[in-house]
Each structure stands twice: as structure tokens, then as C-alpha cells.
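Structural overview
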Amino acid sequence: MRYAHIVGWGKSVPEKIVTNDDLARTVNTSDEWIRTMTGIRQRHIASDKETTASLSTAAAIDALDMAGVPAAQLDLIIVSTVTPDYMFPSTAALVQDALGADNAGAYDLSAACAGFLYALSQAADSIRAGTIHTALVIGAERLSSIVDWKDRNTCVLFGDGAGAVVLKASTQPGGVLTTLLRADGSGGPALYKRQNAAETLQMNGREVFRFATRVMDKSVREVMRRAGWTNDQVDVVVPHQANIRIIDTAAKALGIPMEKFFVNIDRYGNTSAASIPIALCEAVTAGKLKPDDKLVLVGFGGGLTWAAAAVQWLVPPKPVKRSQRVLSRLGYGAAAIRSRARRVLRRLEDG
Ligand code: UT7
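Fair warning: this is a prediction, and the values are worked out from it, not measured in the lab. Positions within a chain are numbered from 1, following the residues in the order the chain's sequence is written. Only residues with pLDDT of 70 or above have their local features reported here, since the model is predicted, and side-chain atom pairs are shown and tallied only from 80 upward, although totals for entire chains, interfaces and linings are computed over all residues. Side-chain measures were taken over the full set of non-hydrogen atoms in the model, leaving aside hydrogen atoms and water.

1. Here's the deal with the packing of aromatic side chains
The aromatic pairing rule takes the rings of Phe, Tyr and Trp, using the six-membered ring of Trp, and pairs them if the centres are within 6.5 Å, calling planes under 30 degrees apart stacked, those over 60 edge-to-face and the rest tilted. Tallying each qualifying case throughout the model produces 3 aromatic pairs. Between Phe 211 and Phe 300, the ring centres sit 6.4 Å apart and the planes meet at 80°, which makes this aromatic pair edge-to-face. A residue pair is termed long-range when its members are at least 10 positions apart, and Phe 211 in helix α7 (residues 205–227) and Phe 300 in strand β12 (residues 293–301) qualify at 89 residues. Site record: aromatic cluster; members linked through ring pairs are Phe 211, Phe 300 and Trp 306. Put simply, DSSP marks the helices as runs of H or I at least four residues long and the strands as runs of E at least two long, and each gets a number from the N terminus on.

See the structure below:
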């Protein structure tokens, strides 16, 4: 039997932080309204130089470094994003070039805030089927580029960033045990962005809120059932970070204590496809996940789409230092990849 384990994780967010008070200077809102209604205190917003590809690449370099996997070992790169820099080439192809991942296939996937779990599912299935051995899965967004900064209903909610994981084949039971992917296109008008570059993201917040609480409950129950877990056995839930009240409502409906839900929405806002991998990365770094823990990931968003995954976490929280030193000597280390990525992405910026 082949299993797909998460063996590396990384994140990258833009330097610039925009607080609720900053927004209250430009639209009719307040720190108190945003914090109470969403749980958000601040978000990171990209500069002109920080692109979806550059954020993706930075997150990927950390994930590869953590995994001790040279870029040349990657068979597949999937980037989930609704804010790619180009219609084509795909963000994944730009990342492939920046990393020097010369043996990888690369494509983008569009499933909005559920997209990272769609991508994780595709990569894990390919590994379990034996088609590939090692994959890089990224969720990345530059939502600031499609938000109407004069619309208080939406501009306070979103942020930019990227998160990445490395998945690797193993005979050791565990890893991504099961995934559930769903869509309901009839709900598309609740959250959309037209192709036309001049138009911004449109959302019916109340409708998305109702949809989100309903599907989080149902899909988490379904992946727990498939994995053979009861809600008492689940150690950590990493949900899409859209609204603290949505997470709270889902926690109550599921009967899983809120302390088991990892929450970082206060610092990043809703980063769509990037929110789950950024949160997962921070949950591991904060020591929330121990080997053998039962982890549930769940996301929902435009499409409408939703997805969940049950993961048995078997990776020790510390990276394997020795193999990293060997990789650095071979020119595969994070520093070598970083300098190549800088060169490649600069060439893109210069057109
Ligand atoms: O990844 C998926 C993407 N989206 C989501 O997950 C969003 C899901 N929805 C939500 O999180 C919530 O619907 C919101 C936080 C967006 C809004 O909360 P709500 O409880 O649904 O409030 P509402 O839209 O019904 O608005 C309540 C009031 C309205 O004023 P009136 O009509 O009652 O006078 C809004 O105009 O709050 C007003 N309002 C604001 N006030 C201050 C809306 N946005 C703001 C704001 N500051 N930023």
C-alpha cells in the first residue's frame, strides 16, 4: 500500500500590514465592527513586487527546505489560486521555473477558498495511485488586486499570502487518508469575480455565511466517518479562515471544542486558497500537531465549492537537519533555490 504524507510546510505573506484602523480612515467602518463581526484585526497586503508567483515560490522554498527535498525530486506542482499573475503561463509553471524543478509537471487549479484542499486531494491521489512520488501543493492569493477598496462589505475581509506543503509517498500507514470535494454551481452568484479586469469581487455575505456553516458541519462529519474517527478522537481542525463566527458555529454544530480549531484569522484575514496551508504551517510551528494526531482540514468558498480532508499526522515537528546540510552542499538548499528564484522572477517582472 502507498500513502501520501505531508513532509514539509511553508508560508509567505507580504511585508505590509493593514490594520482595521487603517481601513477605517478610508471607508465607513471601525476596528470594533470588523473584530466583532469577523475576528480580523489586520491583514497583509502585497506591494507591486509581491506577486502570486513570488509569494508561492517563497512558501515553496520553505516547504522544500523543511522536507529536505530537492526541487529536482518534485514530480508535480499544483498551485490553487483565483488571482494568478497571468491567464497563462500558470502560476505553477512560474514556480517550477523559479525552483528549478526540472522533473515536475505544473498546473493551476481554480476552486476559490476550497482550492488548496482540491489540490491536496489531486496530489495525494496521484501519489497513492503510484503515478508520482513527490508533489508540491500551494495555495496562493493576491486578493488585494480584485477587491473594491471602497466597498466596506468586502474590503475589510481579505488579505494576501501563500502557503505550501510537500507530499511524499511512503509505505508507512497514515498521511492524507481521505478527501471530500464538492461543488454547487447554482450558488455561484453568491461570490464571484467576472473575467473583466475592471470589475471587482462581489459577495452576498449572509448567503455565504449560511452556506459555510452548513457545509463545514456536513463535510467534516463525512471525512471523520470515512476515516473511522469519532469527533472525540479528532486532535486538531484547521478550517478555512473566513470568519471566526463561522468557525465557532461549525465547532458547536460538530460538538468539537473550539480549542481544537486552529485560528489565525486575526492576523491575516481571509486569504482564500492560502488560508488553510498558512494556518496549517502555523499550527505545526506552534507545536499543535504531534506524530499520530488526527487532523481534519475543511474549506469552502466561491463556486460554490467545499472540501475536507482527514490526515493522520506522522511527521515529527522538527526538520531533519543532517539531510538539509547535505542538500545545501549539493546546491539544492533553500539559499541556492532562493537566489535562482530571485533571478527568474525578476526576469518576469521586467517582461
Ligand atoms: O471565503 C468565503 C468568502 N466569504 C465569506 O466567508 C463571508 C461570509 N460572510 C460573512 O462573514 C458575514 O456575512 C459578513 C462579516 C461579511 C457580514 O456580517 P453579517 O452579519 O452578514 O452582516 P450584514 O452583511 O448583514 O451587515 C450588517 C450591517 C449592515 O448595515 P445595516 O444595513 O444593518 O445598517 C452593513 O451595511 O453591517 C454593515 N456593514 C458594516 N459596518 C461597518 C457591513 N460591512 C461593514 C463594515 N463596517 N465593514
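Next comes the rest of the description.
2. Quick word on the site of the ligand
Taken together, 23 residues surround the ligand, and among them Thr 29, Arg 206, His 240, Asn 243 and Asn 270 come closest. At 2.7 Å, a side-chain N or O of Thr 29 approaches a nitrogen atom of the ligand. Counted as a polar contact is a pair of N or O atoms within 3.5 Å, where, for protein atoms, one must be capable of donating a hydrogen and the other of accepting one, and residues adjacent in sequence contribute only when both atoms are in side chains. Arg 245 has a polar side-chain atom sitting 3.3 Å from an oxygen atom of the ligand. A total of 950 Å² of accessible area belongs to the ligand in isolation, and the protein chains cover 75% of it. In this text, near means that some heavy atom of the residue lies within 4 Å of the molecule or strand in question. Reported accessibility uses the Shrake-Rupley method at a 1.4 Å probe radius. Residues are deemed covered only where the shown protein chains occlude them.

3. As for the sheet that holds strand β5 (residues 105–109)
The 5 strands lie next to each other as β1-β7-β6-β4-β5, forming an open sheet whose pairing is mixed. The sheet is open, and its two borders are formed by β1 (3–12) and β5, each paired with just one other strand. Between one strand and the next, the sheet's axes are offset by a mean angle of 20°, whatever the strand orientation. Pairing between strands is defined by DSSP: at least two bridges between them are needed. Bridging between strand β4 (residues 76–80) and β5 involves 5 bridges; their strand directions are parallel. Across the sheet, residue Ser 80 finds its bridge partner in β5, namely Leu 109. Sitting on the sheet, helix α10 (residues 275–285) touches β1, β6 (134–142) and β7 (160–170), and the angle it makes with β1 is about 95°. Every axis corresponds to a line fitted to the C-alpha atoms, with the helix fit spanning only the stretch in contact, and the corresponding angles, defined between N-to-C directions, vary from 0 to 180 degrees. Here, two residues are considered to be in contact whenever any of their heavy atoms come within 4.5 Å of each other.

4. Considerations on the nonpolar core
Nonpolar cores are built from buried Ala, Val, Leu, Ile, Met, Phe, Trp, Tyr and Cys residues. Side-chain atoms within 4.5 Å join them into one set. Here the term buried applies to any residue with accessible area under 20% of the maximum for its type, exposed to any over 50%, and partly exposed to those in between, with areas from a 1.4 Å probe on protein chains only. Membership of the largest hydrophobic core comes to 44 residues, with the highest contact counts inside it found for Phe 211, Met 224, Val 237, Phe 261, Val 296 and Phe 300. When contributions to this core are tallied by element, the ones reaching two or more residues are α7, α8 (244–254), β12 and β13 (305–313). With 8 residues, α7 is the single largest residue contributor to this core. Note that the domain bounds reflect an automated or database-derived domain assignment. No fewer than three residues from each of domain 1 (3–173 + 327–349) and domain 2 (175–313) sit in this core. Not counting residues up to four positions away in its chain, the partners in contact with Val 296 are Val 220, Val 223, Met 224, Trp 229, Val 234, Val 236, Val 237, Val 238 and Ala 309. Counting 40 residues, the second-largest nonpolar core is a separate cluster that includes Leu 117, Ile 132, Ala 135 and Ala 169.

5. Comments concerning the pattern of salt bridges
Each salt bridge in this description consists of a side-chain nitrogen of Lys or Arg and a carboxyl oxygen of Asp or Glu lying within 4 Å of one another. A complete count under the given rule lists 12 salt bridges for this structure. Taking the shortest distance from any N to any O, the salt bridge between Asp 125 and Arg 128 comes out at 2.6 Å. One end of the pair is Asp 125 and the other is Arg 128, both in helix α5 (residues 115–129) and 3 residues apart, which spans about a single turn. Across the salt bridge formed by Lys 290 and Asp 293, the nearest N and O atoms sit 3.4 Å from each other. Among the charged side chains, a salt-bridge network with shared partners connects Lys 11, Arg 267 and Glu 282.

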